[in-house]
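Next come the chains, spelled out residue by residue.
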Amino acid sequence: MNRVKAYLELIRYPLFAIPIVATLPGVLIASEGKLTWRVVAALVIAMFGYFAGMIKNDYFHHETDARTNPERPLPSNRLTPKQALVPASIIYALCVISGFLLSVKAGLLVIALVAISHLYNAIFKAKGILGSLTLPLGIGLLNVFGALVVSNSVPRLVWYAFGATTFYDLGTHIITTFKDISRDKQHGITTTPVQLGIRPALFLSAAATILAFVIALLPYWLEQPLVQKSYAVWVILGLVAAVVTRIPLYLQPNEKNGYFALKGSMIGSILFFPCLVGTQVSIGVSTAIILPLLFVTMLLLRTSRQEV
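All of these numbers come straight from a predicted model, not from anything done at the bench.

Calculation criteria
- Residues numbered from 1 in each chain as written.
- Predicted model: local features only at pLDDT ≥ 70, side-chain atom pairs only at ≥ 80, totals over all residues.
- Heavy atoms only, no water.
- Phe/Tyr/Trp six-rings, centres within 6.5 Å; stacked < 30°, edge-to-face > 60°.
- Lys NZ or Arg CZ within 6 Å of the ring centre and 35° of its normal.
- Helix = DSSP H or I, 4+ residues; strand = E, 2+ residues; numbered from the N terminus.
- Expected span 1.5 Å × (residues − 1).
- Bend = angle between axes of the 7 residues up to and from the residue.
- Axes fitted to C-alpha atoms, helices over the stretch in contact; angles between N-to-C directions.
- Parallel < 35°, antiparallel > 145°, perpendicular 65-115°, else oblique.
- Contact = heavy atoms within 4.5 Å.
- Nonpolar A, V, L, I, M, F, W, Y, C, P; charged D, E, K, R; others polar.
- Core = buried A, V, L, I, M, F, W, Y, C linked by side-chain atoms within 4.5 Å.
- Buried < 20%, exposed > 50% of the residue type's maximum accessible area, 1.4 Å probe, protein only.

Chemist: Quick rundown of the packing of aromatic side chains? Include the residues and the values.
Modeler: Applying the stated rule across the entire model yields eight aromatic pairs. Taken together, Y168, F213, F272 and F273 form an aromatic cluster joined through their ring pairs. Lying across the ring of Y220, K229 places its NZ or CZ 5.3 Å from the centre. Note that R246 overlies the ring of Y168, its terminal NZ or CZ placed 5.8 Å from the centroid.

Chemist: Mind laying out helix α7 (residues 129-151), listing which residues take part and the relevant values?
Modeler: Its 23 residues place the ends of α7 34 Å apart at the C-alpha level, agreeing with the 33 Å of an ideal helix rising 1.5 Å per residue. Along α7, the sharpest change in direction is near 25 degrees and occurs at L142. In the segment just after α7, N152 is the residue with positive phi, at about 60 degrees.

Chemist: Got a sec to walk through the packing of helix α2 (residues 17-30) against helix α14 (residues 283-304)? Specific residues and values, please.
Modeler: Following both chains from N to C, one finds α2 and α14 inclined at 170 degrees, their axes separated by 11 Å at the closest point. The orientation of α2 relative to α14 falls into the category roughly antiparallel. On α14, the residues that touch A17, I20, V21, L24 and L28 of α2 are I289, L293 and T297. Classifying every residue of the contact of α2 with α14 gives seven nonpolar, one polar and no charged.

Chemist: Let's hear about the nonpolar core: which residues, and what values?
Modeler: Of all hydrophobic cores here, the largest spans 82 residues; its most connected members are L24, F145 and F272. Sequence-distant contacts of F272, that is, excluding residues within four places in its chain, are made with A164, Y168, A212, F213, A216, W234, V235 and G238. Ranked by size, the runner-up nonpolar core spans ten residues in total, among them I174, I175, I181 and A201.

So this is what it looks like as C-alpha cells:
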C-alpha cells in the first residue's frame, strides 16, 4: 500500500481531470457530440500519457527535489529512480502503440507529444520561458490528438480549442511558478518570473489568458449557425474563476497567493478547457460532463493535501 500511495503521489492524481478536459473538445467536436468507444479510448490514452509525464518529471528532477521537496517519493526513498523510469517508459510505449492502432496520424502525434513531454521534463522546465511555452503546447495538442483518434481529421472548431487551451495553459504555467519562487531563487532554478522578472511575467500570463478567452469566444461570432451559443457560459465561468483567484497575486506577488492562483487556474481549466464541447451538445449535457469532474477534483485537492 505504501508503494501504491507513492505512485499516486508521483502521478499527481488530483489533477486527473486536466488531460480529460483538454482532450474532450477534440473528441466530441470530431464525433459531433456522440460518445463512441474511440472517444473513450482517446481520453484514456491522454490521461495515462499525462500520468507518465508526471512520473518522468519526478525522475528527471529527483536530485533537485532532494533539496527542495525531500518528502516526495523519490528523494524520500519510498521509490527508486528505476521504479519511476520503467513504468513511465512502458506507459509511454503503450500510448504510442495504442495511438497507431487507432490512427497513423494519431500515433505520430503521440510520438510528438511524448517528445514534447520529454523535452520539457529533461531540459526546458528549468529554462524559464521555454518551459512555460513547451508544456502548454502539449496540453493544447491533446485536442488535436482526440480529433485524430475519432475521425482521422481535425475539424475547424478543434483549432479554436487548441489555441484557447494552449494560451490558457501558458498563462497558468507562469502562475504556477510563483508558488515556489523564493525556493527557486535560493536553489538557482530558472522559472519565468525569475528569468523575466515578477511584473513582466505577470503581464505575460495575463496577456496569454485574455487571448485564450478571446479565441474561445470567436466561434460565438464567426461560426454561426454551427455552434450553440450557450457554450459561452463555460467561458464566462472559467474567466471568473481565473480572475478572482489571481487578483491577490497581482496585488501582492508572493508564494501564498501564487498557490491560491494555481488552484483557481486549475478550477478554471476544468470549466474552460471543455467549453467548446458546448458547441456540439446541450448545456445540460455539458453540465453533466463538467461539474462532476470539477467536484471530484476539488474533493481530491482538499482531501489529498498533496502539493500539486
